[in-house]
Amino acid sequence: MALATALANVLASSILFFKLTRSDGPLHIELHRIFKPDGQSARMIVRIGWPAGLQSSVFSLSNLIIQSAINSLGPEVMAASVAAFTIEINVYGFVNAFGLAATTFISQNYGAGNVDRCKRITWISMGLNIGFTLVLSILILVFGHTLLGVFTQSEDIIALGMIRLWWVVVPEPLNAVMEVFSDAMRGYGYSLAPAIITVIVICSVRVIWVYTAFAMKPTYEVLMMVYPLSWLITSIGLGILYFWFEKNRLPKLKAE
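I will try to describe carefully the structure that is included in this document. (Residues numbered from 1 in each chain as written. Predicted model: local features only at pLDDT ≥ 70, side-chain atom pairs only at ≥ 80, totals over all residues. Heavy atoms only, no water.)

For the protein chain, the helix and strand inventory stands at eleven helices and zero strands. When its C-alpha atoms are laid out on the principal axes, the protein chain stretches across 60 × 45 × 30 Å. Buried positions account for 39% of the 256 residues belonging to the protein chain. Excluding contacts between residues fewer than 6 apart, the proportion of contacts in the protein chain whose partners are at least 24 apart in sequence is 80%. Working note: accessible area of the protein chain is about 14400 Å², and carbon and sulfur atoms make up 70% of it. Considering the protein chain, the positive charge centre built from 17 side chains and the negative charge centre built from 14 side chains are found 13 Å apart. (Helix = DSSP H or I, 4+ residues; strand = E, 2+ residues; numbered from the N terminus. Buried < 20%, exposed > 50% of the residue type's maximum accessible area, 1.4 Å probe, protein only. Contact = heavy atoms within 4.5 Å. Areas by Shrake-Rupley, 256 points an atom, 1.4 Å probe, with all protein chains shown as cover. Lys, Arg positive; Asp, Glu negative; His and termini not counted. Charge placed at Lys NZ, Arg CZ, Asp CG, Glu CD.)

Here is the structure:
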């Protein structure tokens, strides 16, 4: 299965790369320029990109701790968690997509000097993200039992899977808020601070929860509570940072 995933990724990336070398649009890849990057552009890409990469990698470390806690609860919980995760990741696809859209359109309009439109894009992306996420969450809860039944016929595993769907899919709008605030600031080129807040808060909340609340009451439901809790606290932190940025830093950027 792992080999099949790796081969699929290689094939997909190869096809995409080939298509871009043949494209006549602005995304056209010129092979002779791949190893001759523009220095200024490269520095900007690294400055904006590496905090996002750090954020994703540290997320993985905190998720390893949670996965270890899941494994300690036995094979049924492990099976239920995998099945529910396979369903919920489709919701996150929408959360992530609207966040990336916010980054793209804000960066374009900021480059064009239209800061007022950038602000509107943030809230439009937020509303669409929350709206789509709520609809998907409701659909998944309504059909959750049936969807989990695709993976297993065990009622016990399905019941455990529904616990994860309740505690992770239902609060996904919090994740949408967190994603849009972070990606909106990234669109302005302000990438490091939101990444630091996200990494510190998400990881610290999850690690502390596993070794305190879960340690005192080691049940699957208590463990799953860490997701909405970490999203809520991080969303508050990013919201405060965003409004501070809009009030204090954005006017200076606009003047430049």
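The discussion continues.
Okay, the environment of Phe 132 next. Secondary-structure assignment places Phe 132 in helix α4 (residues 115-142). Each C-alpha atom of the pair Phe 132 and Val 95 lies 8.4 Å from the other, and the pair is 37 residues apart in sequence. Apart from residues no more than four positions distant in its own chain, Phe 132 is found in contact with Phe 94 and Phe 98.

This part takes up the side chain of Ser 235. Within the secondary structure layout, Ser 235 lies in helix α11 (residues 226-255). Reaching out from Ser 235, the side chain makes a polar contact with the backbone oxygen of Leu 174 at a distance of 3.0 Å. (Polar contact = N/O pair within 3.5 Å; in protein donor to acceptor, adjacent residues only side chain to side chain.)

Okay, helix α7 (residues 172-187) next. When the terminal C-alpha atoms of α7 are compared, their 22 Å separation across 16 residues agrees well with the 22 Å that a helix rising 1.5 Å per residue should span. For α7, the buried fraction is high: 15 of the 16 residues fall into the buried class. A positive backbone phi angle near 90° is found at Gly 189, which sits one or two residues after α7. (Expected span 1.5 Å × (residues − 1).)

Within the secondary structure, Leu 136 sits in helix α4. Using a relative accessible area of 22% as the deciding quantity, one classes Leu 136 as partly exposed. Separated by 92 residues in sequence, Leu 136 and Pro 228 place their C-alpha atoms 17 Å apart.

Turning to the side chain of Thr 133, a few remarks are in order. As for its placement among the helices and strands, Thr 133 is situated in helix α4. Setting aside anything within four residues of it in sequence, one finds Thr 133 in contact with Val 91, Val 95, Glu 172, Pro 173 and Ala 176.

So, on to the packing of aromatic side chains. According to the stated counting rule, one finds twelve aromatic pairs in the structure shown. Each ring, one from Phe 181 and one from Tyr 242, has its centre 5.2 Å from the other, and the planes form 35°; the classification is tilted. Placement of Phe 181 in helix α7 and of Tyr 242 in helix α11 is noted, with a sequence separation of 61 residues between them. The pair formed by Phe 181 and Tyr 242 is uniform in burial state, with each residue classed as buried. When the centroid spacing of 5.2 Å and the interplanar angle of 50° are considered together, the rings of Tyr 188 and Phe 245 count as tilted. Of this pair, Tyr 188 sits in the loop between α7 and α8 (192-211) while Phe 245 is found in helix α11, placing the two residues 57 residues apart along the sequence. You'll find Tyr 188 and Phe 245 in the same group, each marked buried. The rings of Tyr 110, Tyr 188, Tyr 190 and Phe 245 are connected pair by pair, giving a single aromatic cluster. (Phe/Tyr/Trp six-rings, centres within 6.5 Å; stacked < 30°, edge-to-face > 60°.)

Residues Val 135, Ile 138, Leu 139, Val 142, Phe 143 and Leu 147 make up a contiguous nonpolar surface patch of roughly 540 Å² in combined accessible area. For the nonpolar patch, the leading source of residues is α4, giving four residues. Topologically, Leu 139 is positioned in helix α4. (Patch = residues over 30% accessible without salt bridge, like charges linked within 9 Å, V, L, I, M, F, W, Y side chains within 5 Å. Salt bridge = Lys/Arg side-chain N within 4 Å of Asp/Glu carboxyl O.)

Under the definition given, this model contains two salt bridges. Arg 164 is the salt-bridge partner of Glu 88, the closest N and O atoms lying 2.9 Å from each other. Of this pair, Glu 88 sits in helix α3 (residues 75-111) while Arg 164 sits in helix α6 (residues 155-169), and the two are 76 residues apart along the sequence. According to the relative accessible area criterion, Glu 88 is buried, its value standing at 6%. On the accessibility criterion, Arg 164 (4% relative accessible area) is buried.

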